[in-house]
Amino acid sequence: MAELQSLLNGFAIALTWYNILLMFIGITLGVLIGVLPGLGGANGIAILLPLTFTMSPTSAIIMLSCIYWGALFGGAITSILFNIPGEPWSVATTFDGYPMAQQGRAGEALTAAFTGSFVGALVAVVMITFLAPMVARFALQFGPPEYFAVYLLAFCSFVGMSKGSPWKTIAAMMLGFALAAVGMDTVTGQLRLTFGSMELMRGFDFLIAVIGLFGIGEILLTMEEGLEFKGKKAKISARVVLDTWKQMPRFWATSIRSCLIGCWMGITPGGATPASFMSYGVARQISKNGKNFGKGEMEGVVAPETAAHAAGTSALLPMLALGIPGSPTAAVLLGGLLIWGLQPGPLLFVEQPDFVWGLIASMYLGNIVGLIVVLTTVPFFAAILRVPFSIIAPVIIVVCAIGAYTVNNAMLDVWLMMLFGVVGYVFKKLDYPMAPMVLALVLGDRAEDSFRQSMLMSQGSVTILWSNWLVGSITAVALALLFWPLWQAIVGRRRRAVAGQA
Amino acid sequence: MVDPNGTGLPPEGSQGHACAPDHDPDRERVGAAPATQPAVTTATMEIVVAGLFLLFGVGVMYDSYRIGARWAIDGPQSGYFPFYIGALICLSSSVLLVQGVRQRMRVSNRGTFVQRGPLSDVLKVLIPAVGYVLGIQLIGVYVASAVYIALFMVFIGRFHALRSTLVGVGVAAFTFVLFELWFRIPLPKGFLERAAGF
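Residues numbered from 1 in each chain as written. Chains lettered and ligands numbered in written order. Predicted model: local features only at pLDDT ≥ 70, side-chain atom pairs only at ≥ 80, totals over all residues.

A.B. asks: What am I meant to see in the overall build of chain A here?
C.D. replies: The helix and strand tally for chain A stands at 21 helices and two strands. On C-alpha atoms alone, chain A measures out to a radius of gyration of 22 Å, which is about the 23 Å that the 2.2 N^0.38 rule sets for 502 residues. Principal-axis analysis of the C-alpha atoms places the extent of chain A at approximately 70 × 70 × 55 Å. In chain A, buried positions account for 62% of the 502 residues. Nonlocal contacts in chain A, meaning residues at least 24 apart in sequence, comprise 79% of its contacts between residues at least 6 apart. (Helix = DSSP H or I, 4+ residues; strand = E, 2+ residues; numbered from the N terminus. Rg over C-alpha atoms; globule rule 2.2 N^0.38 Å. Buried ≥ 20, exposed ≤ 12 C-beta atoms within 10 Å, placed from the backbone. Contact = placed C-beta atoms within 7 Å.)

A.B. asks: Would you mind going over the overall build of chain B with me for this structure?
C.D. replies: Each helix and strand counted, chain B has eight helices and four strands in total. The helix and strand sequence of chain B, counted from the amino end, reads α-α-β-α-β-β-α-β-α-α-α-α. In chain B, which comprises 198 residues, the share counted as buried stands at 36%. A separation of at least 24 residues holds for 66% of the contacts in chain B among residues at least 6 apart in sequence.

A.B. asks: Looking at this structure, I do not really get the interface of chain B and chain A. What am I missing?
C.D. replies: How big an interface is tends to be stated in terms of the accessible area lost upon association of its parts. Each side of the interface is counted separately: chain B has 55 residues, and chain A has 50 residues. Going through the elements one at a time, helix H1 (16-19), helix H3 (42-67), strand S3 (75-76), helix H4 (80-105), strand S4 (112-115), helix H5 (116-139), helix H6 (141-155) and helix H7 (161-183) of chain B are the ones with two or more residues in the side of chain B that touches chain A. When residues in the side of chain B that touches chain A are grouped by element, the largest group, 11 residues, is from H5(B). By residue class, the composition of the side of chain B that touches chain A is 39 nonpolar, 13 polar and three charged. (Nonpolar A, V, L, I, M, F, W, Y, C, P; charged D, E, K, R; others polar.)

A.B. asks: Just checking my understanding: could you explain helix H17 (residues 353-384) of chain A for this structure?
C.D. replies: Residues spaced three or four apart along an α-helix face the same direction, because each turn holds 3.6 residues. Its 32 residues place the ends of H17(A) only 40 Å apart at the C-alpha level, less than the 46 Å of an ideal helix rising 1.5 Å per residue. For H17(A), the principal kink sits at A:Thr377 and spans about 65°; a proline, A:Pro379, occurs within the next four residues. (Expected span 1.5 Å × (residues − 1). Bend = angle between axes of the 7 residues up to and from the residue.)

A.B. asks: I'm lost on the nonpolar core in this one. Help?
C.D. replies: All names here are of chain A. By size, the foremost hydrophobic cluster in this structure holds 226 residues, and its most contacted members are Ile-80, Val-210, Ala-401, Met-417 and Val-438. When residues of this core are assigned to their parent elements, the largest contribution, 17 residues, is made by helix H4 (residues 57-82). Setting aside chain neighbours within four positions, we find Val-210 in contact with Ala-42, Asn-43, Ala-46, Pro-328, Val-332 and Val-438. (Core = buried A, V, L, I, M, F, W, Y, C linked by C-beta atoms within 7 Å.)

A.B. asks: Looking at this structure, how should I read the packing of H4(A) against helix H15 (residues 328-339) of chain A?
C.D. replies: Between two packed helices, what matters for the description is the angle formed by their axes and the separation of those axes. Residues and elements named next belong to chain A. Between H4 and H15, the shortest axis-to-axis distance is 11 Å and the interhelical angle comes to 170°. Taken together, the axis directions place H4 and H15 in an arrangement best described as roughly antiparallel. Residues Ala-60, Ile-61, Leu-64, Ser-65 and Tyr-68 of H4 form the contact with H15, whose participating residues are Thr-329, Leu-333 and Gly-336. Of the residues contributing to the contact of H4 with H15, the split by class is five nonpolar, three polar and no charged. (Axes fitted to C-alpha atoms, helices over the stretch in contact; angles between N-to-C directions. Parallel < 35°, antiparallel > 145°, perpendicular 65-115°, else oblique.)

Structure (structure tokens):
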């Protein structure tokens, strides 16, 4: 049980008054970000990242990951009280959460959501504690071809699991890769895709893209939808919490299912949003109260929230163990590691055990702190949502602009942020997925490096991706996922043709 | 009232449903309020975006080819990887372009990308925001933020001028304290801050 020993060590590192203070600050900021439209986990952390440059990496990641937990919690508040999902992963929470609030059971719905979230996160953290070191140890034997195969798998699974057009997923993803290639080639020193611009030599920073795509884009969308925040009042008393907790054990089966769905979707880059929908759908089909779903069934709140948190948390597993983030927010955290001078990947467990185990320990503590903070401060955050959008919108744009500027102290970045904002608005409306684009932008250089190294090893032959059973099986799974939509289309067409003849 | 997809066939690809889920062209003609008229249809926008992607892909391929996308003595050249990225962009955007054109040709499929009223709402946010970024460049972030927030509140939120000014100046002052004094991260400044000695 070397992991338990390491974990205890991690608690010793995470449990300082300073770090606990940072946890509270992080969670509070995170809930605020989750509640406000236009600010979410990914761009919120991207904006706050420069503020952590002066901290020690461990304290910085504790605060930033707590912002992430806070944002995960915060999405539920707007969904239940205002029927407006503050985050994409809390869309499914509105289905039953808002009806409950309309029936005057907002307190119960919120408690159920927060508790479900907490359980989901906890299960995912336990899984990370024991699985991540194993995965990292296994990945230590990876060479460049294996790494490229894993990257391939990550990106192909976006294509295979996308709900929309696979072509759009490919186009958006390749845009990310192309933008990642802009600037100086690290191997040959040649300038690529700069078209003579000195400013572009630095390349595109993905933090700018994240702030623009998710921040400005979201504000534009919110403005178009003309949202008015007319919500239900919420009071959470200790009695409501205890009463709800007494009912919660009934949903043990749903909780376990949701945790499994969430953990799986989080490790593979499916992400929290599809996990929450899938979990809601499965719960509706299996539960004996299934027909009441959508009318204010508590189980319908527990299922998506548990899965979303399990997925959001377990997205950090591949980031820690392999250096491959499972979600845009995990990608931003990974960007933070690089800025603090840490090399994410399996070696991190060997070289920086204090950092890794401090972070894992802080996940346990952060979620406990999170549960306490959200249960006690809901009325305050609900009040913030009553601030008119015409005050919130310009303030968020100011925050985004400053955040974009501080990444590199460059004015060009602020302009690029606006451009990415418009791109984000159009992409969102046309159903181009943004997560693969952001991940490609983050991982582009490293995917290219591993590809080049593999090609050097094999003297330019692609067959190196099948050269042993390990890399061969990863590549095979990747290609299967890549061609999955095509296969489905063929089967679907054939079935329709048969139906047409009959 | 005719179902806009009266053929009973699912929409092309699966993009249709997410953009304009339940837009009914008939209701629009009856209502005839200019604000709900489509400013741009989804199909047009699909074509425009796919076309831009195609141009971008060609640009990536061209530049990669220019710096060398082949195999040199010491391994792959700089343009090797981006060249294929560009090729994939061209491939996927060509498919999307064809799908978009086919969608546009069908008379029955007229999803709205954005209606006129909402479009003007979006521009009401976008244009001042662009002006704000220009303002940061010219007069520094603090003054620009205060002016931007105050004007936005007055003209779009219809707030009282005094309240708007207070919020604008308050946010700017808070930012100043946070960045310049507390975290010591310098932000772009203009003549006003310089006159005050920062």
